[in-house]
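Observations on the three-dimensional arrangement
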Amino acid sequence: MDHAAQNELSEKPVMRGDQIARQWRILRQLEASRLGATTAELARSIDAPLRSTYRDLADLQLAGFPIYTEKTESGRRWMFTENFRFSVPTPFTFTELMMLHMSRDLFSVFGQTLFAEAILSLIEKVRSTLTPAALSYLEQVESAFRITSRPYKDYRRYRQIIEQISQAALERKRVQVLYHPLRKKRETVRKIDPYRIWFFEGTIYAVAFCHLRKEVRTFVVDRIKLLQPLEETFEMPENFDLDEYTRHSFKVMQNELQTVRVRISREWARYVGEKIWHPSQQARKLPDKSLELTFQ
């Protein structure tokens, strides 16, 4: 390695996870305050010693962030330069843009659909607003934090249907579908009013009023074989609430409401008891250290 490269590496701060977390909070604190903050105020806000706070501020300056100190009546205050503030497009803040960029892995579950393309396009626009220093710092942050989400289904071949039913939901247009229910051998033709497009645990659903069944039903989008937009419009009931509609569902399954008790052996009681499997869940430890869960 030549001397120039060695010098370049030595000038860049080497940051561990705790340093990154502190510096992230410093950036957020400076961003939130129009009047800036003193070193003591920053140290209190990140719960760190003054010495560490001074070092973090110096590292951020060395990384290229345009922060500086200004003498005021209350002491020297740290703040962003005005030009840097205006370089971030409203209504986003700098850290919001960075978090949006970091969350791109969450949207991989949409595969090559219009949802994924839209969010990736937005993220590329976000990247174009960040300075080289911000992008460099972003890479360091990403090395300490990771959001992982894997696609459950390949929705590429349903792209057109997803686009059509999404558009119909936005425009309140009725559609006619050829649908293959899970428990039926044959497809059925139905007219539906798509109230909501619902993404839940890797699957895209259309929550819609079914004119065949005369009630609101949940349709799995990839079981729609054909879709024909109609000229008919619909009015969604003002009192329709997706949260209320799914409140008693177990995952997406709905049926007559029952009280169910599940006995968990003591070997699995701790693991099962750490999670919430349903909003109505109630847990009771039994004398033999097993667990009883009650659901509605």
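The following paragraphs examine the structure supplied in this document. The model shown is predicted, which means the values in this text are computed figures rather than measured ones.

What counts, and where the lines are drawn
- Each chain has its residues counted from 1, following the order in which its sequence is written.
- Local features in a predicted model are, by the rule used here, given only for residues with pLDDT of at least 70; side-chain atom pairs are given and counted only at 80 or more, and totals for whole chains, interfaces and linings are based on all residues.
- The side-chain values count all of the structure's non-hydrogen atoms but skip hydrogen atoms and water molecules.
- DSSP calls a pair of strands paired once it identifies at least 2 bridges connecting them.
- Strands are runs of DSSP state E lasting at least two residues, helices are runs of H or I lasting at least four, and both sets are numbered from the N terminus onward.
- For helices, the fitted line uses only the C-alpha atoms of the stretch in contact; every axis is such a line through C-alpha atoms, and the angle between N-to-C directions lies from 0 to 180 degrees.
- Note on contacts: a residue pair is in contact if any heavy atoms of the two residues lie within 4.5 Å.
- Here the term buried applies to any residue with accessible area under 20% of the maximum for its type, exposed to any over 50%, and partly exposed to those in between, with areas from a 1.4 Å probe on protein chains only.
- Polar contact is the term for a pair of N or O atoms within 3.5 Å; when the atoms are in protein, one must be able to donate a hydrogen and the other to accept it, and sequence-neighboring residues count only if both atoms are side-chain atoms.
- Stacked, tilted and edge-to-face pairs are distinguished by plane angle, under 30 degrees for stacked and over 60 for edge-to-face with tilted covering the rest, among Phe, Tyr and Trp rings (Trp via its six-membered ring) whose centres lie within 6.5 Å.

1. As for the sheet that holds strand β10 (residues 291–295)
The strand order across the open sheet built from three strands is β8-β10-β9, with neighbouring strands paired in antiparallel fashion. Strand pairing shows two members of the sheet lacking a second neighbour, β8 (260–264) and β9 (282–285), which therefore form its edges. Geometrically, the sheet is characterised by an average inter-axis angle of 20 degrees between neighbouring strands, direction not taken into account. Here β9 runs beside β10; their pairing, made up of four bridges, is antiparallel. Counterpart to Arg284 in the pairing with β10 is Glu292. Helix α11 (residues 266–273) rests against β8 and β10 of the sheet, and its axis sits at about 120 degrees to β8.

2. With respect to the sheet that holds strand β4 (residues 188–200)
A sheet is described by the order of its strands in space; here five strands give the open sequence β6-β5-β4-β3-β7, paired in antiparallel fashion. Each edge of the open sheet is held by one strand with a lone partner, namely β6 (215–220) and β7 (224–233). Each adjacent strand pair in this sheet contributes to an overall mean axis angle of 45 degrees, direction not counted. Bridge count for strand β5 (residues 203–210) against β6 is six bridges, and the pairing is antiparallel. Bridge pairing in β6 places Cys210 opposite Glu215.

3. Description of the side chain of Ser290
Inspection of the secondary structure assignment puts Ser290 in the loop between β9 and β10. Overall, the relative accessible area of 5% leaves Ser290 in the buried class. In this structure the side chain of Ser290 is engaged in a polar contact, spanning 3.2 Å, whose partner is the side chain of Arg263. A polar contact of 2.6 Å, which involves the side chain of Ser290, links it to the side chain of Asp288. Residues within four places of Ser290 in sequence aside, it is in contact with Arg263, Ile264, Ser265, Arg266, Ala269, Arg284 and Lys285.

4. Let's talk about the environment of Glu267
Summarising the element assignment, Glu267 is placed in helix α11. Along the primary structure Glu267 and Lys289 are separated by 22 residues, whereas in three dimensions their C-alpha atoms are 8.7 Å apart.

5. Considerations on the packing of aromatic side chains
Two aromatic rings are characterised by how far apart their centres lie and by the angle between their planes. Throughout the structure, instances matching the rule amount to eight aromatic pairs. Consider the rings of Tyr179 and Phe219, whose centres lie 5.0 Å apart with planes at 85 degrees: the pair is edge-to-face. Residue Tyr179 is located in strand β3 (residues 173–179), and its partner Phe219 is located in strand β6; the two are separated by 40 residues in the primary sequence. The exposure class of Tyr179 is buried, given its relative accessible area of 5%. Looking at Phe219, the relative accessible area reads 1%, which means it is buried. In this structure an aromatic cluster arises from ring pairing among Tyr195, Phe234, Phe240 and Tyr245.

6. Quick look at unusual backbone geometry
Most peptide bonds are trans, and most residues other than glycine sit at a negative phi. Backbone geometry at Lys214 places phi at a positive 60 degrees, although glycine is not the residue there. Its identity as a non-glycine residue notwithstanding, Lys251 has a phi of 60 degrees, on the positive side. Note on placement: Lys251 falls in the loop between α10 (242–245) and β8. Judged by its relative accessible area of 40%, Lys251 falls in the partly exposed class.

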